[in-house]
Amino acid sequence: VVEAARTLRKWSIEGPPTNPRAAAGAVASELDIYVEEQQQEASELQALRALASEGARRVEALEAEASEIRAELERRDDEERRLLTRLTVSMATRSAILQVGARHLQMEVEEGASRLEATRLEVERRDAQLQGQQHELTSLKQQHSALCLQVRESIPPVSVMCRVRPSESYGAKAPANDQGGLVADSQEITVEDPSGRSRKFRMDRILDGGVSQEEVLGVAAPWVESFTRGGTACVLAYGATGSGKTYTLQGSDGCGTGPAEQRVLGLSHHALRRIIDGPGGGAVRLSIVEVYCDQIRDLLALPQEGSPPALQCSRRDAQGRMVLEEVEVEVDSFAKAEVVLQRGYAARATDATLCNERSSRSHIVLTARSTTSDGQLVLVDLAGSENVHKSGADEGGKLLTEAKAINKSLSALADVVEAIAKRQAFVPYRNSRLTMLLEEILGQAKILLFVHVSPFGVDAPVTSHSLTFAGRVRSVDFGAQMLRKDQEQRLKSEHTRSMDANRRLESMIDQLRKELADLHKEKKEQKQQMAQLSEQLREQQREVTKEKELRSRLEAAGRGAESRGACADAGSGGAAGCGGSAVVPGQKPRTVIPTGVRRRVPTPHPGLNRPLRDAPRES
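The shown structure was predicted, so the numbers you read here are calculated from the model rather than taken from an experiment.

> Would you mind going over the overall build of the protein in detail, with residue names and values included?
If you tally the helices and strands in the protein, you get 12 helices and 17 strands. In the protein, which comprises 619 residues, the share counted as buried stands at 37%. For the protein, contacts bridging at least 24 residues in sequence account for 71% of all contacts bridging at least 6. For the protein, the accessible surface area stands at approximately 36,300 Å², while carbon and sulfur atoms represent 51% of it.

This is how it looks when you write it as structure tokens:
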């Protein structure tokens, strides 16, 4: 436009140019260019105005958003400050509670340590007391061993005791209107026959019908105890058929018809239990043989043709003793020994007679040998001397043959006893298999003979015969027995006192052991409690450490929130203070304007977003 005006002004002064049309066309062209530029600038100006209005609207929206963000930040800052205050108070309370709990735990630990120390001292005291008791028990055991040895030495070579069968055990077989033909005291028994004649017999001890099997074991205890000290003892049961010999040694298996009948153990069971499971006991070797019709048969061997195999008794060793190859079973517990007893006794020859439903038809010999010493215990159940007319064996057959063999062997045993009593040079051991079998035992063992008798007057002749045999046996060493009587009584009383003291001491030791076990258990429980208390203390210390770390993080988060709040307040007065840009007046606006503006919102502290598990709940 300026160039066109200058050209027109020049024309007004100088006049038109030589070619006015061309000059006018040039001016028109310049004016067209100017018009086009003006139109273009007008369109650009309109676009800029539109962009300016849009920018103003965005600025207003951003200012509104900034106001909302500032309000939200202020609200969050207030909430963070309240939460920080609340957590600070809660943490202080929690810390105080933890400190109090830690002090209590420390006191409990110290108290537990003191109790543990007291328990340890008590255990040491009890240990010392127990050791003293054990020393005393050892001393008493040594005294007991010495007394047992003295008692064993004081036991006469032969002792005879009489056991009277209780009249109620006969049941329906008891004679009617029989008032009894026996009068007995501690060592003398009087037998009165139906004609009124009476005879007196002296025994070492008389056991009436009220004596139990356990009391029989107590009577035979010195002979059983001699086995544990390496000695040899022999217990024989003698008497007429049906007088209770087998019951004394073998007991009752509870197979009777009476409703109240129960299994009762015999002397063999009680003796084996003592020598195997009792003090000083151990494993033994058992053998069971019987003398049946002058044959020695092994009851523990496998039967041959339905009966136990017979043993040859012709072999003898260098000392002239008979050698038998019987089966020996080694047992180390009474349960196993009981099985062996049942097996051997079940194979014994028995039969029914008029006197007894289960009459023994043979002599049975049970031998127990120690595996660690020379101890030997022999229990002999002799078959009853039999009146063949009374037992019904006089009709002939097997019962008569068995009765003859039984009576013959018992007569041979009586002859041997009489020869020994008269100190004869020749003792007829070889007249019977029974005496051959008992030759070694009778020569070296301490012998106890239980003679069994009936309480009824009708049986007085048989009773007198049994007591006469017992008297002959007792007279074998009668002189030595009288000389040792006083010493035996004294040693028995000392032995009884020693046993009583031993039992009392063992009961005290058992009580101390129980108390010691309780103390050890209490000590273990206290150690477990101390371990639990220590673990609780460590856990609370870890919680205190976590509380402190959380408090420090919350304080740092609070300081960051305060700094962000101050920045927001400064941004409301001017954007330049928080990193914004200001518009300088007179500055030419840029052609390209961004389509939007976005403000970066501060990210909260990580500790504020996760759940406050460690913070205590408000009450």
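The structure having been displayed, the exposition proceeds.
> Please give an account of the sheet that holds strand β4 (residues 198–202) that cites residues and values.
Spatial strand order, β2-β3-β4: three strands in an open sheet with antiparallel pairing. For this open sheet the edge positions go to β2 (182–184) and β4, each flanked by a neighbour on one side alone. The mean angle between the axes of side-by-side strands here comes to 20 degrees, regardless of whether they run parallel or antiparallel. Here β2 pairs with strand β3 (residues 188–192) via three bridges, running antiparallel. Paired with Leu182 across the bridge in β3 is Val191.

> Which residues make up helix α6 (residues 334–346), and what values do they have?
The terminal C-alpha atoms of α6 lie 18 Å apart, and with 13 residues this matches the ideal 18 Å at 1.5 Å per residue to within 8%. When α6 is considered as a whole, its buried residues turn out to be Phe334, Ala337, Glu338, Val340, Leu341, Gly344 and Tyr345. Around the axis of α6, the buried residues are gathered within 160 degrees of arc, so they sit on the same side. In α6, those exposed residues whose orientation departs by more than 90 degrees from the buried face are Ala335, Val339 and Ala346. Its buried side turned inward, α6 meets α4 (245–250), β8 (264–265), α5 (267–277), β9 (284–292), β12 (329–331) and β15 (363–370).

> How would you explain the pairing of strand β16 (residues 376–381) if you had to name every residue and give the values?
Every other side chain in a regular strand lies on the same face of the sheet, so the side chains alternate between the two faces. Summarising burial for β16: six of the six residues are buried, a large majority. Side chains of β16 alternate between two faces, with Gln376, Val378 and Val380 and Leu377, Leu379 and Asp381 buried alike. Looking at chain direction, strand β6 (residues 232–239) and β16 are connected through six bridges and run parallel. Within β16, the residue paired with Ala237 across the bridge is Asp381. Summarising the sheet, β15 and β16 pair through six bridges and their orientation is antiparallel. In the strand pairing of β16, Arg369 is matched with Gln376.

> Describe the packing of aromatic side chains, and please don't skip the residues or the numbers.
Throughout the structure, instances matching the rule amount to one aromatic pair. Centre to centre, the rings of Tyr238 and Phe469 are 4.3 Å apart; their planes meet at 35 degrees, and the pair counts as tilted. On the criterion of sequence distance, the pair formed by Tyr238 in strand β6 and Phe469 in helix α10 (residues 460–474) is long-range, its members being 231 residues apart. Of the two residues, Tyr238 and Phe469, neither departs from the other in class, the shared state being buried.

> Lay out a negative patch on the surface in plain terms, naming residues and giving numbers.
A cluster of acidic residues, Asp32, Glu36, Glu37, Glu41 and Glu44, forms a negative patch on the protein surface. Position of Glu41 relative to the elements: it lies in helix α2 (residues 20–154). For Glu41, a relative accessible area of 46% puts it in the partly exposed group.

> An account of the nonpolar core is needed here, citing residue identities and associated values.
Within the largest apolar cluster, 49 residues are counted, with the highest numbers of intra-cluster contacts made by Cys162, Met203, Ile296, Val451 and Leu467. Sort the elements by how many residues they give to this core and helix α8 (residues 398–421) lands first, with seven residues. Every residue in contact with Val451, bar those within four places of it in the chain, is listed here: Val160, Met161, Cys162, Arg163, Met203, Tyr238, Ser466, Leu467 and Ala470. Judged by nonpolar contacts, the second largest core, of 38 residues, contains Leu207, Val331, Tyr345 and Phe450.

> Pulling in residues and values, what's your account of helix α1 (residues 2–14)?
The end-to-end C-alpha separation of α1 is 18 Å, in line with the 18 Å expected for 13 residues at 1.5 Å each. Positive backbone phi, at 95 degrees, marks Gly15, one or two positions downstream of α1.

> Mind laying out the pattern of salt bridges, listing which residues take part and the relevant values?
What the rule picks out here adds up to 27 salt bridges. With its nearest N and O atoms 3.5 Å apart, the salt bridge here joins Arg75 to Glu79. Of this pair, Arg75 and Glu79 both sit in helix α2, four residues apart, roughly one helical turn. Residue classification places Glu79 among the partly exposed residues on the basis of a relative accessible area of 41%. Its salt-bridge partner being Glu515, residue Arg126 comes within 2.3 Å of it at the nearest N-O pair. You can see Arg126 sitting in helix α2 and its partner Glu515 sitting in helix α11 (residues 478–573), a full 389 residues away along the chain. A residue is classified by how much of its surface remains accessible, and Arg126, at 16% relative accessible area, is buried. The class of Glu515 is partly exposed, set by a relative accessible area of 25%. Several salt bridges converge on common partners, so that one network encompasses Glu72, Arg75, Arg76 and Glu79.

Conventions and cut-offs
Residues numbered from 1 in each chain as written. Predicted model: local features only at pLDDT ≥ 70, side-chain atom pairs only at ≥ 80, totals over all residues. Heavy atoms only, no water. Helix = DSSP H or I, 4+ residues; strand = E, 2+ residues; numbered from the N terminus. Buried < 20%, exposed > 50% of the residue type's maximum accessible area, 1.4 Å probe, protein only. Contact = heavy atoms within 4.5 Å. Areas by Shrake-Rupley, 256 points an atom, 1.4 Å probe, with all protein chains shown as cover. Pairing = 2+ DSSP bridges. Axes fitted to C-alpha atoms, helices over the stretch in contact; angles between N-to-C directions. Expected span 1.5 Å × (residues − 1). Arc of directions from axis to C-beta. Phe/Tyr/Trp six-rings, centres within 6.5 Å; stacked < 30°, edge-to-face > 60°. Patch = residues over 30% accessible without salt bridge, like charges linked within 9 Å, V, L, I, M, F, W, Y side chains within 5 Å. Salt bridge = Lys/Arg side-chain N within 4 Å of Asp/Glu carboxyl O. Lys, Arg positive; Asp, Glu negative; His and termini not counted. Charge placed at Lys NZ, Arg CZ, Asp CG, Glu CD. Core = buried A, V, L, I, M, F, W, Y, C linked by side-chain atoms within 4.5 Å.

By themselves these figures say nothing about function.
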